[in-house]
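Chain by chain, the residues:
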Amino acid sequence: MELKKYSALVLLSSALALQPAWAEKQSSAPEKTATEQETDRSSRVPTFKVDGDLAGRLGVFTTKYEDTFAEVGSQLALGYLELVKANPGVDPWLPGEGTTITLPRQYIIPDARREGIVINLAEYRLYYFSDDGVQVYPVGVGTSENPSPLTDAKVTMPLESPAWYPPASIRAEYEASGDFLPRMIPPGPSNPLGSHALMLSEKGYLIHGTNKQFGVGMPVSHGCFRMYNEDISRFVYQVGKGTSVQIVNDAVKMGLSGGEVWLEVHRPNEDYSQQDRDRLWREVTLEVEAFRQKHPGVEVQRRAIELAVDQADGIPAMVGEQISRVASDKTQKDKRLPASEEPEQKLYF
């Protein structure tokens, strides 16, 4: 797909949030030109086959003394928060020399059509489905004050080197705080849209790059979707015009894979408040009940579910299994154990 360069972009009603001094501190890594980024268009993330409702596998990484989770995430195309939640007890700003950390690359597929792009706001991830499988990217999403929309949209146009025209609402925010924001920010290292973008049919919203590495995989924007420049600069060449973009918000996901029942629970922040814990328990209770009605042949263990909710680390946990049903009552009766030999009853949810 050939991309045209655009020196201007339509007014964005929900562009990224900027720091008060928009042109001050940029990433320590030198900004690559569009030509340099185009030299390698292969995805930085693996493509995983989907096995039932599960995809991917956990990985490990050994840190060096100067590493932080923000830097590791930028290098490996993972979000800051997903690394923090997957590695409790490890200091994200000083993990230390020789520390082995978990790379959370195992996923339950969101409850959506398995085509095109699916963004799950609750886990700060973008899923891209192709004939070969699924790729998963970290994305920054809207804040609670400026949430991203729940919608079923399409990609309308790829953009290279976009300029940003801040909407009046964001310029008013800057003016109220005594800062100045230009009416137009040209392409370059100070542009919050980064090197490339995908325009969506949902008016005013884009999937785009960034001029700040920190914030990918977190709720940081005015509603748009922020990717690492190293990812969006390749991703725009994979995605065609008209590709569907489903945006969902599922903090609790359940699925089946190989006869096993899996549960994935996402807390929204580093800290795990009692309010979030109570809310997730309610969501899990409803999800488990709906799942059991949809799959009457499954049994789940309450203790495993309690542990998954207690951690809420975004890593899939096996919480039950699909029980094979015997074909006839006669066979069931023949195979039934005497009362004295019945196995001890487990506590199921």
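What counts and what doesn't
- Here the residue index of a chain counts from 1 through its sequence in written order.
- Only residues with pLDDT of at least 70 are given local features in this predicted model, and only at 80 or more are side-chain atom pairs given and counted; all residues enter the totals for whole chains, interfaces and linings.
- As a convention, hydrogens and water are excluded, and side-chain values are obtained from all of the structure's heavy atoms.
- Only DSSP runs of H or I covering at least 4 residues are called helices, and only runs of E covering at least 2 are called strands; the numbering of each starts at the N terminus.
- In what follows, residue pairs with any heavy atoms lying within 4.5 Å of each other are defined as contacts.
- What sets the accessible areas is the Shrake-Rupley method with a 1.4 Å probe; for residues, cover comes only from the shown protein chains.
- Note on geometry: axes are C-alpha line fits, over the in-contact stretch for helices, and angles between N-to-C directions span 0 to 180 degrees.
- Our angle categories are set so that under 35 degrees counts as roughly parallel, over 145 as roughly antiparallel, 65 to 115 as roughly perpendicular, and the remainder as oblique.
- If you view the pair so one helix is near and one far, a crossing is left-handed when the near helix is turned anticlockwise from the far one by less than a right angle, and right-handed when it is turned clockwise.
- Classification convention: Asp, Glu, Lys, Arg as charged; Ala, Val, Leu, Ile, Met, Phe, Trp, Tyr, Cys, Pro as nonpolar; all other residues, Gly among them, as polar.
- Salt bridges are defined as contacts in which a side-chain nitrogen from Lys or Arg sits within 4 Å of a carboxyl oxygen from Asp or Glu.
- Exposure is judged per residue with a 1.4 Å probe applied to protein chains only, and the accessible area is read against the type maximum: over 50% gives exposed, under 20% gives buried, and values in between give partly exposed.
- As used here, the arc belongs to the directions running from the helix axis to the C-beta atoms.
- Definition of nonpolar core: a set of buried residues of the types Ala, Val, Leu, Ile, Met, Phe, Trp, Tyr and Cys, connected through side-chain atoms within 4.5 Å.
- Polar contact is defined as a pair of N or O atoms within 3.5 Å, subject to the rule that within protein one atom must be able to donate a hydrogen and the other to accept it, and that residues adjacent in sequence are counted only when both atoms are side-chain atoms.
- Strand pairing follows a simple DSSP-based rule, namely that at least 2 bridges must link the two strands.

A. Structural context of the overall build of the protein. Each helix and strand counted, the protein has eight helices and 19 strands in total. In the protein, 73% of the contacts between residues at least 6 apart in sequence involve partners at least 24 apart. Working note: accessible area of the protein is about 17300 Å², and carbon and sulfur atoms make up 50% of it.

B. Looking closely at the packing of helix α6 (residues 274–294) against helix α7 (residues 302–311). In contact at an axis separation of 10 Å, α6 and α7 are set at 140° when each is read in the N-to-C sense. The orientation of α6 relative to α7 falls into the category oblique. Two packed elements cross with a definite hand, and for α6 against α7 that hand is right-handed. Two secondary-structure elements touch here, α6 through R277, W281, V284 and V288 and α7 through I305, E306, V309 and D310. Class assignment of the residues belonging to the contact of α6 with α7 gives a composition of five nonpolar, no polar and three charged.

C. Region of interest: the pattern of salt bridges. In this structure the tally under the stated criterion is 14 salt bridges. Note that R125 is salt-bridged to E123, the shortest N-O span being 2.9 Å. Relative accessible area serves as the criterion here: at 2%, R125 is assigned to the buried category. Overall, E123 belongs to the buried group, its relative accessible area being 3%. In this structure, the salt-bridge partner of E123 is K253, at a minimum N-O distance of 2.8 Å. Of this pair, E123 sits in the loop between β6 (116–120) and β7 (125–130) while K253 sits in strand β16 (residues 252–257); the two residues are 130 residues apart in sequence, bridging distant segments of the chain. Taking the relative accessible area as the measure of exposure, K253 reaches 4% and is therefore buried. Because the salt bridges share partners, they merge into one network encompassing E82, E123, R125, K253 and E264.

D. Examining α7 more closely. Where α7 is concerned, the buried positions are I305, A308 and V309. Down the axis of α7, the sector holding all buried residues measures 95°, keeping them to one side. Lining the buried residues of α7 we find β17 (260–265), α6, β18 (298–300) and β19 (317–322).

E. Quick peek at the environment of K85. Assignment of secondary structure puts K85 in helix α3 (residues 80–86). Sequence spacing of K85 and A312 is 227 residues, and the spatial spacing of their C-alpha atoms is 7.8 Å.

F. Inspection of the environment of G96 at higher detail. Structurally, the position occupied by G96 is in the loop between α3 and β4 (100–103). With 29 residues separating them in the primary sequence, G96 and D67 have C-alpha atoms 7.4 Å apart. Among residues more than four places away in sequence, those in contact with G96 are T63, K64 and Y65.

G. Region of the structure containing the nonpolar core. Ranked by size, the top nonpolar core spans 41 residues in total, and within it I117, I119, L126, I207 and F235 carry the most contacts. Non-local contacts of I119, meaning those with residues more than four positions away in its chain, are made with R125, L126, V139, I207, F225, V245, Q246, I247 and V248. If you look at the next biggest cluster of nonpolar residues, it comprises 20 residues, including A122, V252, V288 and I305.

H. A look at the side chain of T243. Relative to the elements of secondary structure, T243 occurs in the loop between α5 (229–235) and β15 (244–248). Note on T243: relative accessible area 15%, which makes it buried. Polar contacts involving the side chain of T243 include one to the main-chain carbonyl oxygen of G240, which spans 2.6 Å. Apart from the residues within four sequence positions on either side, T243 is in contact with G116, I117, A153, K154 and V155.

I. Spotlight on the sheet that holds β16. With respect to topology, four strands assemble into an open sheet ordered β16-β17-β19-β18, the strand pairing being antiparallel. Because the sheet does not close on itself, it has two edges, and the strands there are β16 and β18. Between one strand axis and the next, the sheet turns by 30° as a mean value, whatever way the strands run. Relative to β19, β17 runs antiparallel, the two sharing four bridges. Paired with E260 across the bridge in β19 is E321.

J. Quick look at the sheet that holds β7. Reading across from one edge, β8-β7-β6-β15-β10-β11-β12-β14 is the order of the eight strands in this open sheet, with mixed pairing throughout. Pairing within the sheet leaves two strands with one partner each, and these edge strands are β8 (133–138) and β14 (225–226). The sheet contact formed by β7 and β8 spans six bridges and is antiparallel. Paired with S130 across the strands is G133, a residue of β8.

K. Up close: unusual backbone geometry. One non-glycine residue, S161, lies in positive phi territory at about 50°. Here S161 shows up in the loop between β10 (152–160) and α4 (168–176). With phi around 45°, A312 is a residue other than glycine that occupies positive phi space. When you line up the elements, A312 lands in the loop between α7 and β19. A312 sits in the buried class, given a relative accessible area of 0%.

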